[in-house]
Each structure stands twice: as structure tokens, then as C-alpha cells.
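Okay, here's what each chain looks like letter by letter:
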Amino acid sequence: MAGDKWNGRGGFREVLKIALPLVVSSGSWSVQHFVDRMFLTWYSPESIAAAMPAGMLSFTITSIFIGTASYVSTFVAQYFGAQRNTRVGPALWQGIYVALIGGLIVAATIPFADSIFGMFGHPEKIRAEEAVYFQYLNLGAAPVIAAAALSAFFSGLGRTMIVMWVNVAMTAINIVFDYIFIFGNLGAPEMGIKGAAIATVIAQIFNFIAYFVIIVKPSYNREFHTLKGWMFEKELFARLVRFGVPSGVQFFLDMLGFTAFIMIMGRLGTIPLAATNIAFNINTIAFMPMIGFGIAISVLVGQYLGRGRPDIAQRSVYSGFIMTFGYMSAIALMYVVFPEIFIAPFAVRSDPEYFARIRELTLVLLKFVAVYSVFDTMNIIFASAIKGAGDTRFVMYMIVLVSALVLVVPSYVAIVVFGYGIMAGWTAASLYVIVLGFVFLFRFLSGKWKTMRVIEEQAPVAVMCPERPECPAIELES
């Protein structure tokens, strides 16, 4: 039995084979953002205070399209599992068309940046930096969304090593340009937060180009029609929208809830906002590798449902949950016992007296992070599992309900109306993650996901028997 849990289909080894490159990939993304925020902390308190609200708002707007384009992975996984490889390329191209539409819509928000951040009541200097960061990030939205679709193509096939290497290279490029543009090194002008945004856009453009160069290889085109399938397909695009948009909206609303939370924290002043940003950034370092497991679980669920094996899909989910729960529990313990390991990099080039106040508050906030992080494993793994089957509307509805009733409204009432302060807001944020985790666990246990599919059924085609024309045989459409 132990051997089956490790080596069998849906066991630990199969999950790890797909998940580990994605863990490294998402981990590299965490490193990219950690270094970005660390450099901005060194640059000025206003820059680090502005980066997270502006970055989260930009990502929130883009996330609905990223979530929709990324759902290509479920289509690819189910087509691949059903051995209908020539439908994989057309599914990918529908995601690229989502990127073109989304990029234009996100770019259209650029002229409104000053007005948007003027509504939140942040200090004037922070507000100016928020607007600049937001504008440059939104200018580069199209390659970000397209890269999400291309990455989903490789993830859906289970070829996650490609995703890992492309993202590691992107992270290295981003860090180098951060160092150059933020501080004005190697002869470049000193641009601060504007330089950080430009570095991010350059890295994302590289990401898109690297993926595209790989998919146009003849071997991919031959097997998966990655070039032959470039045409817009109304019916396939409509199904991607039908299942992908709720996933994108869920992504959007989840981000919107936390963005609203960050904006509310900003009303408390620079130190609470900076401490909140640092605590969330530290959490991201541990959280993002779990995203890699979530994608792996979604892919395996899709592939095994495509093969008609929901039992193995379920086994994959439990294997992923056991591993992520163990990992996150260890990280949570480190947040409590060794918090200075995580905080120290932010203090390196900061003003000691000023940062001491931020550090004291961050130490407290990390205890909240430690508690909710353990429950976040249920949120990521079980939500990924049911989304891999196509149960995206349920996830979307729950995000709307729980975000409004547990996170945003209680935080606003507690902080703005009653003036209870930062601890009340963080209590609401922790409850939000915990409640969602149990909601998705119970949905998974209900088993409804086992009968769901996102791909169309194969139509039977009658083929006449050569020997006996009056006796048709039934073959399945390829």
C-alpha cells in the first residue's frame, strides 16, 4: 500500500513530477517580487508603501484575463487525457485571443490612474508613486496574459520543466533590470519605483517570446497543431469563456478583496501599510510554491477525468494535500520561531530608527500569517481540484460571498467606522482564508466534480464495413 501511495498513479511521485518544476517556477516568481519589494524598501519608505497597493490593483484588473487565459490548461489536460491531441493547439489559440482583448482593456485604464488612487486617501507622495507604478504595469498587460495561456499549454501537457526554466530566466532578467533601473546603476538613470515597473514589463515580454519560440517548433505543430490551430473557433472560444471567465472572475474577486483590504490598511498610515506589505510579501515566498502544487493538481484532475478515471484524480488530490500541508505547517512554525530570518532582508539598507517601528508591527502580523497559512492549503488544493474538473462557477460564487461577508465589509466597519485598528483587519483576513478552505474542502468531498468535463464529447462517426456494406461500424472522431 505504501508503494502505491508513492509510485502508483495519483501517488506522491506523479504529483511531484509535475509539481516540483511548477514549485520552482512559482518560487522564482516569489523571489522576483521579494527582491523587487526589498529594493524598493531600500530606496524609500514611500516606494515600498506604494508598490503593493498599486501592484495589487494592477494585477487585480489583469487577473480576470489571466485567470481566463490560464484555464487553457484544463482544456489541454482533458484533451490530452482523452488522446485528442490535435485539439490542444486550437484551445491554446483561444487563450491568446483572450490576451489580445484583455491587454487592450487593461491598457485603457492608464489615463485614470491619478483619479483612481486619489480616492483612497493615501498620503500625496505615496499616491504619486502608486499612479506611476500602476500605469507602467498596465501598459505591459498583453504579454503577461498571453504568457499565462502559453504557460498553461505546457502545464496542461504535464511538461512543466519548460515552464520552470522560462520563469527562472524571467526572474533573473527582472532582478538585473531592477538593480539597474531602481538605483541608476551601470549608467542608467535612477528611476525608483518607475524603474521597478519597467523592469517587470521587460521580463514579462521576454517570458512571452520564450514560450512562443518553443510552441512554433515543428514537433509541437505536428502533434498538437500549435500553428495549424491558429484560427478563431467561435464554439471553442465560447466554451473557454464559459468555464474560464468564472475562473478569471474568481481570481479577480479574490485579488479585489485583498486589494480593498490593502487600501483600507493604507488609511492607517505609512507604517501600518508598510508592515502589512512586508508581511504579505513574506507570506508570498511560502505561498507561491503551493500554487505550483495547485496547478499540478488541476492538471492531473483534468487528465484523469479526460481518461475517465475520477478515482485516480481523487488520489492525486489527496497526495497533493498531504505534501502541501506538511510543507506549509513547517513554514508557519518558522514564522513564529524564527521571524527575523524573513524580516532581516528588508532592514539592510533602511533607516534603522524608522524601520524599527515597521519591524515591531511586522513581527505581530507574521503570527496571523502563520495561523491562516496552514488553512490556505485546503483553499489552494481543493479549489484547484474542482476547477480542474470545470466547477468554476461554484468557486466564483464562494469568493464573492466570503470576500464580501468575511473580509472586506468587516475590515471596513472595524477600521473605518469603529476605529479598531490594524489587528481587527488582520483578524478578518485570517478568518477569510480559513472559511474559504473549509468551503472548498466540503465541495470536493461532495463528489460532484467527478462527473464534470469542459471539453466537448466526441461525436460517433459511422464508417461502412468494406466486406459488408450493410453493416456499419462505429468509430470515434479524432
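Rules behind the numbers
Residues numbered from 1 in each chain as written. Predicted model: local features only at pLDDT ≥ 70, side-chain atom pairs only at ≥ 80, totals over all residues. Heavy atoms only, no water. Core = buried A, V, L, I, M, F, W, Y, C linked by side-chain atoms within 4.5 Å. Buried < 20%, exposed > 50% of the residue type's maximum accessible area, 1.4 Å probe, protein only. Contact = heavy atoms within 4.5 Å. Salt bridge = Lys/Arg side-chain N within 4 Å of Asp/Glu carboxyl O. Helix = DSSP H or I, 4+ residues; strand = E, 2+ residues; numbered from the N terminus. 1 Å grid on protein atoms, 1.4 Å probe; cavity = no way out; pocket = protein on both sides within 12 Å on 5 of 7 lines; lining within 4 Å. Points joined across faces, edges and corners; volume = space filled by probe spheres on them. Nonpolar A, V, L, I, M, F, W, Y, C, P; charged D, E, K, R; others polar. pLDDT = per-residue confidence, 0-100.

## Brief notes about the nonpolar core
Move 1: F75, F153, V301, Y335, W426, Y432 and F440 are the most contacted members of the largest nonpolar core, which totals 155 residues.
Move 2: Non-local contacts of F153, meaning those with residues more than four positions away in its chain, are made with V72, V76, V88, L92, I215, Y220, F224 and T226.

## Digging into the pattern of salt bridges
Move 1: Under the counting rule described, the total for this entry stands at six salt bridges.
Move 2: Residue R87 is joined to E233 by a salt bridge in which the shortest nitrogen-to-oxygen separation is 2.9 Å. Of the two residues, R87 sits in the loop between α4 (72–81) and α5 (88–107) while E233 sits in the loop between α11 (218–224) and α12 (234–266), which places them 146 residues apart along the sequence.
Move 3: Overall, the relative accessible area of 17% leaves R87 in the buried class.

## What to know about empty space enclosed by the protein
The probe, sized like a water molecule, is rolled over the atoms to show the empty space still left.
Move 1: Taken as a whole, this structure holds two cavities of 30 Å³ or more when the rule is applied.
Move 2: Looking at the second largest cavity, the residues that line it are Q32, H33, D36, R37, Y133, N174 and T200.
Move 3: Considering each element in turn, the lining of the second largest cavity owes the most residues, four residues, to helix α2 (residues 12–43).
Move 4: Across the lining of the second largest cavity, the residue classes break down as one nonpolar, four polar and two charged.

## Comments concerning the layout of surface pockets
Move 1: What the largest pocket holds in volume is close to 200 Å³.
Move 2: Taken together, 13 residues make up the lining of the largest pocket; nearest its centre are K17, I18, L157, G158 and Q303.
Move 3: Within the residue set of the lining of the largest pocket, elements represented by two or more residues are α2, α9 (160–183) and α13 (270–306).
Move 4: Residue composition of the lining of the largest pocket, grouped by class: six nonpolar, three polar and four charged.

## Here we look at the confidence of the model for the chain
Move 1: When pLDDT is averaged along the chain, the result is 84, and 94% of the positions lie at 70 or above.
Move 2: Averaged over each element, pLDDT in the chain is lowest for strand β2 (residues 472–476) (38) and highest for α5 (93).

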